[in-house]
Every structure is written in structure tokens, then in C-alpha cells.
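Report on the structure
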Amino acid sequence: MNIHYYDNDFTPESFSTHSPGHPSHGRLNMDEYAFNRCIKNMKSLFSRLGIADLPVYLTEWNLTVSHENLLNDTSFKACYLVKNLLENYDELDSFGYWTLTDFMEELQPSMEQFHGGLGLYTIDGIKKPHFYAFEFLNKLGNQLIARGEGYFITKSYGGIQIILYNYEHFNHLYASGEKFDRNFMEKYAPFSRMGKADVSLALTDIPSKKCVIRENILNQDHGSAFDEWIKMGAPDLTKEDIEYLKLKSVPEVYVRTEEIENGTLTINAFLDPLEVRLIEITLK
């Protein structure tokens, strides 16, 4: 079975109570676990119908049906996708993100590079933060070690992979559709806390005495073309500017060697708001 999922609020109340000038498809789900609840409710229904073994393929998925939701360009989108994929990684038979690029046939192409399109790339091929989020996810190993709120740990032959994320859900005012600030400088206004996360993980029973740790960091300062554009002064982009953003907007990388004492390695990280971090540990 093929299904689609968008985190808009499609309840009857949403359709009947939205304000004039704010179409109901602009309202977002205030429940940050709505995706997980939707999957569980669907599986419960399949079980009652006697089709629990039916494969389920998510062939179209995004935060919103809108091509003009400004969160689609920010580092929030990367954190949103990582959180929801890792919380539900074994619940469906496939997850298909919609869509590859903002340059698509559904609407007239926008004249604005960062207009809130659905793609992994802007109209001129600049990678958005969630492009790198998928790269991080693709580097996870095939054996799950542990997972919990804000972390996911796997292993493969010769190594351990960790993804950390500091997620915050948008506030109720933004979700309600009553106030969509069109100011490019205020794309992070829907987040009230924007707090950092202090993470410490102890890995035990490691059969090595030394390792190489590679940290790949994705946040507003590293890997976000939109935020780099803001730092430039939010200009109208020339071809040179576009090429600059393509080169500049990449995750930050730190590599170090550490000793492993008594089979235990402790990983400490201090994550910025909405940050996603991939930690690759190669055992020596």
C-alpha cells in the first residue's frame, strides 16, 4: 500500500475555524509526535481489518503541502526529518521524501531563491540543510545499538555511528496559521526556546584500544545556505553568489584520535538549537 503524509492540520476543526486569508492547508500540526501517532493508528486499523502484514510504502512525505512555508529553507527542516525518520525508522517499508528540488512543475517557479519550497535543492541547485541530513542518515550502520530522544546509535563492521539532534517544535502561534511572518530575517521566530543541548553518551564493551572520531555538524552556522545568505546581507543573488553559497554551505567537520580505556568511550557534545550531528567512530 502506498501512502502520503504531510504534517498539516487536516482536522474538521481546522477547515471550519481558520481565519480569513489563512487557508486551512497553512495550519500545521501542533503535536510534534503526530507522524508516529498516524503510523500507529494506521497499523491498528490494518490489524483490525486482518491485513497487518500488508507492506506500507510512504511514497510522498513532507512537513507541509505548501510551497511557501519559510521553514522549508531552514535548519529546522533537517532536524524535523531526522527526528521523524529515526523515531519511526522500522515502522514502514520505505520513506519517500517529496521532493528533490524547488524547480518543479506544480507551480510557477518563484523568483526568490529561498521562498519556502519543498525541495532538497533551491531552484538554482543550492543544497538545503535537509539534503545533508539525508547524507548523515545514509551513513548509519545496519545494526541498531540504542536509541532515545535526541540520539540514535548504530554499528557496522569496524565502526560505530551516532546521530544526535536538538529538536524543537514550532510554537502554537505559527502552527495555527494566524501569523506567518514573511520577513526573511525572522524565519526562526516560530521557536521560543532555541536552547542548546548538552549530551553525554557512554559506549561500553568496545573491542579496541584506539579510535578515530569524525564529527559532522549541521546547524545554522554550518550547512545552511539560507543562513549563509542572511550573513551576506540577503542580496539578490548573482551567478557568483550562487556558486559561493554552494561551496560555503556545507557541514563542519572535526576529526580526532582518542584512546579507549577499559572498553569504554564517552562521547560528549554540546548541540546548538536545531542542530543535527553525525559522529562516526572508526575502531583501530
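Right above here is the structure, for reference.
Described in the following lines is the structure provided in the data block. Since the model is a prediction, treat every value here as computed from it, not as a measurement.

Conventions used here
- Residues numbered from 1 in each chain as written.
- Predicted model: local features only at pLDDT ≥ 70, side-chain atom pairs only at ≥ 80, totals over all residues.
- Heavy atoms only, no water.
- Helix = DSSP H or I, 4+ residues; strand = E, 2+ residues; numbered from the N terminus.
- Rg over C-alpha atoms; globule rule 2.2 N^0.38 Å.
- Buried < 20%, exposed > 50% of the residue type's maximum accessible area, 1.4 Å probe, protein only.
- Contact = heavy atoms within 4.5 Å.
- Areas by Shrake-Rupley, 256 points an atom, 1.4 Å probe, with all protein chains shown as cover.
- Lys, Arg positive; Asp, Glu negative; His and termini not counted.
- Charge placed at Lys NZ, Arg CZ, Asp CG, Glu CD.
- Phe/Tyr/Trp six-rings, centres within 6.5 Å; stacked < 30°, edge-to-face > 60°.
- Lys NZ or Arg CZ within 6 Å of the ring centre and 35° of its normal.
- Pairing = 2+ DSSP bridges.
- Axes fitted to C-alpha atoms, helices over the stretch in contact; angles between N-to-C directions.
- Polar contact = N/O pair within 3.5 Å; in protein donor to acceptor, adjacent residues only side chain to side chain.
- Core = buried A, V, L, I, M, F, W, Y, C linked by side-chain atoms within 4.5 Å.

**With respect to the overall build of the chain**
What the chain contains, in helices and strands, is 7 helices and 11 strands. Scaling as 2.2 N^0.38, a compact globule of 284 residues should have a C-alpha radius of gyration of about 19 Å, and the chain matches this with 20 Å. Viewed in the frame of its principal axes, the chain has a C-alpha envelope of about 65 × 60 × 35 Å. Per-residue burial for the chain yields a buried fraction of 49% across its 284 residues. Put simply, of all contacts in the chain between residues at least 6 apart along the chain, 72% involve residues at least 24 apart. A total accessible area of about 14,300 Å² is found for the chain, and carbon and sulfur atoms account for 51% of it. The distance from the centre of the 27 positive side-chain charges to the centre of the 41 negative ones in the chain is 5 Å.

**Here we look at the packing of aromatic side chains**
Following the criterion strictly, the structure yields 18 aromatic pairs and no others. With centroids separated by 5.1 Å and ring planes inclined at 80°, the aromatic side chains of Y89 and F152 adopt a geometry described as edge-to-face. Taken as a pair, Y89 in the loop between α3 (75-87) and β3 (94-97) and F152 in strand β5 (residues 151-156) lie far apart in primary sequence, 63 residues in all. The structure contains a cluster of three or more aromatic residues connected by ring pairs, namely Y5, F35, W61, F76, Y80, F95, Y167, F170, Y174 and F191. Above the plane of the ring of F226 lies K187, whose end atom (NZ or CZ) is 4.3 Å from the centre.

**Remarks on the sheet that holds strand β2 (residues 57-62)**
Strand order in this open sheet of 3 strands is β1-β2-β3, and the pairing throughout is parallel. Only two strands of the sheet have a single partner each, and these edge strands are β1 (2-6) and β3. For this sheet the average axis-to-axis angle between neighbouring strands, irrespective of direction, equals 25°. In the sheet, β2 pairs with β3 via 3 bridges, with the strands oriented parallel. What sits directly across from W61, in β3, is Y97. Relative to β2, α3 is tilted by about 155°, and along the sheet it contacts β1, β2 and β3.

**Examining the sheet that holds strand β9 (residues 252-259)**
Strand order in this open sheet of 6 strands is β4-β5-β6-β11-β8-β9, and the pairing throughout is antiparallel. On the outer flanks of this sheet lie β4 (143-148) and β9, each paired with one strand and no other. The mean angle between the axes of side-by-side strands here comes to 15°, regardless of whether they run parallel or antiparallel. Relative to strand β11 (residues 276-283), strand β6 (residues 159-165) runs antiparallel, the two being bridged by 7 bridges.

**Structural notes on the environment of E280**
Along the chain, the position of E280 falls in strand β11. As a C-alpha pair, E280 and I160 span 120 residues in sequence and 6.1 Å in three-dimensional space. If we ignore the near neighbours within four places in the chain, the residues touching E280 are K139, I160, V212, I213, R214 and N216. Among the polar contacts made by the side chain of E280, one reaches the side chain of N216 at a distance of 3.1 Å.

**Some thoughts on the nonpolar core**
By size, the foremost hydrophobic cluster in this structure holds 50 residues, and its most contacted members are F76, I163 and F170. Here this core gets 8 residues from one element, more than from any other, and that element is α3. When neighbours within four sequence positions are excluded, F76 is seen to be in contact with L63, L71, Y167, E168, F170, F191 and L274. Counting 18 residues, the second-largest nonpolar core is a separate cluster that includes L164, L201, I267 and A269.

**Considering the side chain of T122**
As for its placement among the helices and strands, T122 is situated in the loop between β3 and α4 (129-138). The exposure class of T122 is buried, given its relative accessible area of 1%. In this structure the side chain of T122 is engaged in a polar contact, spanning 2.5 Å, whose partner is the side chain of Q113. Excluding residues that lie within four positions of it along the chain, T122 makes contacts with T101, D102, Q113, F114 and K128.

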